[in-house]
Amino acid sequence: APQNIVRYSFKEGTYKLIGFVDQLAVHFSQVGNLIPKDSDEGRRQRYRDNLVTGRPLDEPEAAEKAAEELMTPKQPKERKLTNKFNFSERASQTFNNPLRVGQPLPQPLDLTACIVHGREEAGPTASISPQSDDITKVTQAAKIVERMVNQNTYDDVAQDFKYYEDAADEYRDQEGTLLPLWKFQNDKAKRLAVTALCWNPKYNDLFAVGHGSYDFMKQSRGMLLLYSMKNPSFPEYIFSSESGIMCLDMHVDHPYLVVVGHYDGNVAIYNLKKPHSQPSFRSSAKSGKHTDPVWQVKWQKDDMDNNLNFFSVSSDGRIVSWTLVKSELVHTDVIKLKVEGSTTESLEGLQLHTVGCGTAFDFHKEIDYMFLVGTEEGKIYKCSKSYSSQFLDTYDAHNMAVDAVSWNPYHTKVFMSCSSDWTVKIWDHTIKTPMFIYDLNSAVGDVAWAPYSSTVFAAVTTNGKTHVFDLSINKYEAICNQPVVAKKKNKITHVQFNPIHPIIIVGDDRGHVTCLKLSPNLRKMPKEKKGQEVQKGPAVEIAKLDKLLNLVREVKTKI
């Protein structure tokens with residue numbers, strides 16, 4: 001039973017906690033047919049029985065009384081007119097089913113563990129309240145049945161995902177293909193672009209999709225959807241927002257926490273354990289929200305007091321650190337981006353700086369304080385959390401806005417950037433010029449490193465194509481160029497590799513997310529040599545990429 005019921009006390013003029021809570025739950029009630037012997041009805045029945053059997057009557061007065069009652073015709077009972085203004089009578093006329101308050105609903109057994117594998121299924125689509133309608137009591141069971149039906153419906157796709165390997169790869173000249181699997185879409189997000197994709201760090205079948213709009217003349221609402229590959233027909237969780245979602249990230253240690261950045265400059269944290277459609281925490285104008293769209297958010301390690309911490313970057317030029325302190329978001333400006341060489345003096349002699357518009361950033365995998373920031377001007381700044389007034393380094397990276405920057409998951413010196421100027425560039429952060437440049441003949445929306453190799457990455461372009469590169473196989477061009485959207489007008493906006501399975505997900509500007517399987521040539525592992533074991537692991541991946549970088553350095557020095 002709830003322990004926090006309050007009622008207003010007119011005597012004290014405040015709300016007071018009620019100490020007594022009704023704990024009684026009536027599970028079964030039946031009208032019986034037994035009556036006491038000493039009651040009037042008992043005496044009448046005994047009198048009747050004695051008359052029939054001929055036994056002597058005891059208690060003559062009672063017998064006479066019973067006989068009179070039998071002989072007297074019953075008068076119809078006068079119906080009492082109800083007083084509509086009498087509160088107690090009105091209440092007594094309403095039949096209330098006794099609620100099983102405080103009693104946990106029965107949960108499905110092993111089937112739940114097998115199919116849902118222990119995930120906490122809370123949210124707007126899976127909320128179970130003891131005082132809600134009866135239909136919600138079977139939500140969990142219905143969810144499992146829905147997944148089973150979908151598994152039968154998409155059985156051929158599930159079989160391809162698990163077992164299909166393109167045999168034609170053996171006859172191709174080191175080129176690969178992408179096999180379309182599931183397509184995820186929702187009617188509520190039909191006209192919203194996919195603005196962010198992120199796999200859940202704990203459950204490899206679950207991923208989050210942010211919906212908004214890149215068309216600045218057509219800004220409307222936003223949606224946060226979470227899909228599972230086990231149920232392509234409908235999202236696991238649905239959250240809506242007044243402003244478009246432009247970016248999101250999921251916490252590594254707390255995979256139920258999702259941070260999002262909005263077009264209106266706000267940041268918010270959604271808790272998947274809570275079934276509310278509103279975020280658990282949200283910034284405001286008072287708490288230092290951005291004044292321009294938030295282009296990227298990233299969870300970071302907890303601070304010294306074990307408070308949750310994340311960073312955000314926006315077009316207003318601010319890199320902000322947000323800390324969750326006592327259920328409140330506290331902001332700290334880490335750095336203010338300024339365009340170098342743009343300082344001018346006003347009439348009063350004050351120095352004016354042109355603000356740099358941040359569009360993307362990424363934190364180093366090993367050096368905690370170091371991070372990269374891409375800007376609308378095409379520059380990439382190497383920054384430190386410790387220095388708020390200056391950059392560690394500046395790269396003249398692109399001729400147009402930088403759409404994404406990403407550190408290599410294996411090699412600590414290498415990062416990658418992409419831009420609307422049609423190029424993808426691979427960098428060594430100790431060198432000011434790029435090591436590799438790839439022109440993809442269309443604006444590049446997003447890039448992503450593969451989790452299984454230091455030399456494999458994917459890029460998506462606005463002409464609807466996905467490009468997969470493997471530098472160890474071909475340093476000059478992609479080993480896969482494939483259109484993956486149904487219509488040529490559809491622009492692909494984002495791409496992400498699954499951390500475990502050989503699949504990628506790509507999102508387009510029509511709100512669709514497509515899952516594709518990489519063919520064997522796109523995920524080649526080192527070949528086994530006679531008498532030698534195949535070496536795997538981070539050290540091998542680092543050495544593989546180092547070898548390529550050394551070759552490039554040698555060529556550059558000769559030139």
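Quick caveat: nothing in here was measured; it's all calculated off a predicted structure. Counting from 1, residues in each chain are numbered in the order their sequence is written. Local features in this predicted model are restricted to residues whose pLDDT is 70 or higher, and side-chain atom pairs enter the listing and the counts only when it is 80 or higher, whereas totals over whole chains, interfaces and linings include all residues. To get the side-chain values, take all heavy atoms of the structure and skip hydrogens and water.

Engineer: Please explain the packing of aromatic side chains as it appears in this structure.
Structural biologist: In this description, a pair of aromatic rings is defined by centroid distance and the angle of the planes. Here the aromatic set is Phe, Tyr and Trp, taking the six-membered ring for Trp, and pairing holds for ring centres within 6.5 Å; pairs whose planes are under 30 degrees apart are stacked, those over 60 apart are edge-to-face, and all others are tilted. Applying the stated criterion across every chain yields a total of 27 aromatic pairs. Ring centres 4.7 Å apart and planes at 45° place the aromatic pair Tyr438 and Phe469 in the tilted group. Residue Tyr438 is located in strand S25 (residues 436-439), and its partner Phe469 is located in strand S28 (residues 465-470); the two are separated by 31 residues in the primary sequence. Here Tyr438 and Phe469 have matching classes, each one buried. The secondary structure listing takes helices from DSSP runs of H or I that are at least 4 residues long and strands from runs of E that are at least 2 residues long, numbered from the N terminus. To sort residues, take the accessible area from a 1.4 Å probe on protein chains only and compare it with the maximum for the residue type: under 20% means buried, over 50% means exposed, and anything in between is partly exposed.

Engineer: Help me understand the UniProt feature "repeat: WD" (unreviewed entry) in the protein chain, please; the structure alone is not making it clear to me.
Structural biologist: UniProt's entry tags residues 395-428 with the feature "repeat: WD" (unreviewed entry), counted in the numbering of this structure. The span residues 395-428 is 0% helical and 59% strand by assignment, and the distance between its end C-alpha atoms comes to 11 Å. UniProt positions are given in the numbering used here, feature names are shortened, and annotations may be inferred rather than shown by experiment.

Engineer: Would you take a moment to explain the pairing of strand S5 (residues 206-212) for this structure?
Structural biologist: A regular strand places its side chains so that they alternate between the two faces of the sheet. Across the 7 residues that make up S5, a large majority, 7, are buried. Of the two faces of S5, the one lined by Leu206, Ala208, Gly210 and Gly212 and the one lined by Phe207, Val209 and His211 are each fully buried. Two strands pair under a simple rule: DSSP has to find at least two bridges between them. For strand S4 (residues 193-199) and S5, the ladder comprises 6 bridges, and the chain directions are antiparallel. Bridge pairing in S5 places Trp199 opposite Phe207. Between S4 and S5, which follow one another and run antiparallel, lie 6 residues.

Engineer: What is the right way to look at unusual backbone geometry in this model?
Structural biologist: Keep in mind that most residues, glycine aside, have a negative phi and that most peptide bonds are trans. At Trp422, a position not held by glycine, the phi torsion is positive, near 80°. Considering the arrangement of structural elements, one finds Trp422 in the loop between strand S23 (414-419) and strand S24 (423-428). Taking relative accessible area as the criterion, Trp422 reaches 40% and is therefore assigned partly exposed. One non-glycine residue with positive phi stands out, namely Asn441, at about 65°. With respect to the element layout, Asn441 can be found in the loop between S25 and strand S26 (444-449).

Engineer: Sorry if this is basic, but what is going on with a nonpolar patch on the surface here?
Structural biologist: A surface patch of nonpolar side chains, amounting to about 620 Å² of accessible area, comprises Val6, Tyr8, Phe10, Tyr15 and Leu17. For the nonpolar patch, the secondary-structure elements that each account for two or more residues are strand S1 (6-9) and strand S2 (14-17). Position of Leu17 relative to the elements: it lies in strand S2. Looking at Leu17, the relative accessible area reads 58%, which means it is exposed. Here a patch means residues that are over 30% exposed by relative accessible area and free of salt bridges, tied together within 9 Å if like-charged and within 5 Å if nonpolar (Val, Leu, Ile, Met, Phe, Trp, Tyr). Each accessible area is a Shrake-Rupley result for a 1.4 Å probe, and residues are judged covered by the shown protein chains and nothing else. A carboxyl oxygen of Asp or Glu within 4 Å of a side-chain nitrogen of Lys or Arg is what we treat as a salt bridge.

Engineer: Help me out: how do you make sense of the environment of Leu329 in this one?
Structural biologist: Tracing the backbone shows Leu329 in strand S15 (residues 328-336). Spatially, the C-alpha atom of Leu329 lies 7.0 Å from that of Phe281, the residues being 48 residues apart in sequence. Note on contacts: a residue pair is in contact if any heavy atoms of the two residues lie within 4.5 Å. Setting aside residues no more than four positions away along its own chain, Leu329 makes contact with Val267, Ile269, Phe281, Arg282, Ser283, Ser287, Phe310, Trp322, Thr323 and Leu324.

Engineer: Sorry if this is basic, but what is going on with helix H5 (residues 139-153) here?
Structural biologist: How far a helix is expected to stretch is found by multiplying one less than its residue total by 1.5 Å. Compared with an ideal rise of 1.5 Å per residue, which puts 15 residues at 21 Å, H5 spans 21 Å between its outermost C-alpha atoms and is within 8% of the ideal. Of the positions making up H5, those classed as buried are Thr139, Gln140, Lys143, Ile144, Arg147 and Asn150. One side of H5 holds all its buried residues, which, seen down the axis, span an arc of 140°. Among the exposed residues of H5, those oriented more than 90 degrees off its buried face are Asn152 and Thr153. Here the arc refers to the set of directions running from the helix axis out to each C-beta atom.

Engineer: I tried to follow the pattern of salt bridges on my own but got confused; where do I start?
Structural biologist: Where side chains of opposite charge bring their charged atoms close, a pairing between them can arise. With the rule as written, the count across this model stands at 14 salt bridges. Here Arg318 and Asp333 are joined by a salt bridge, their closest N and O atoms 3.1 Å apart. Placement of Arg318 in strand S14 (residues 318-325) and of Asp333 in strand S15 is noted, with a sequence separation of 15 residues between them. By relative accessible area, which is 11% here, Arg318 ends up buried. Here the salt bridges do not stand alone but share partners, grouping Lys143, Arg147 and Glu236 into one network.

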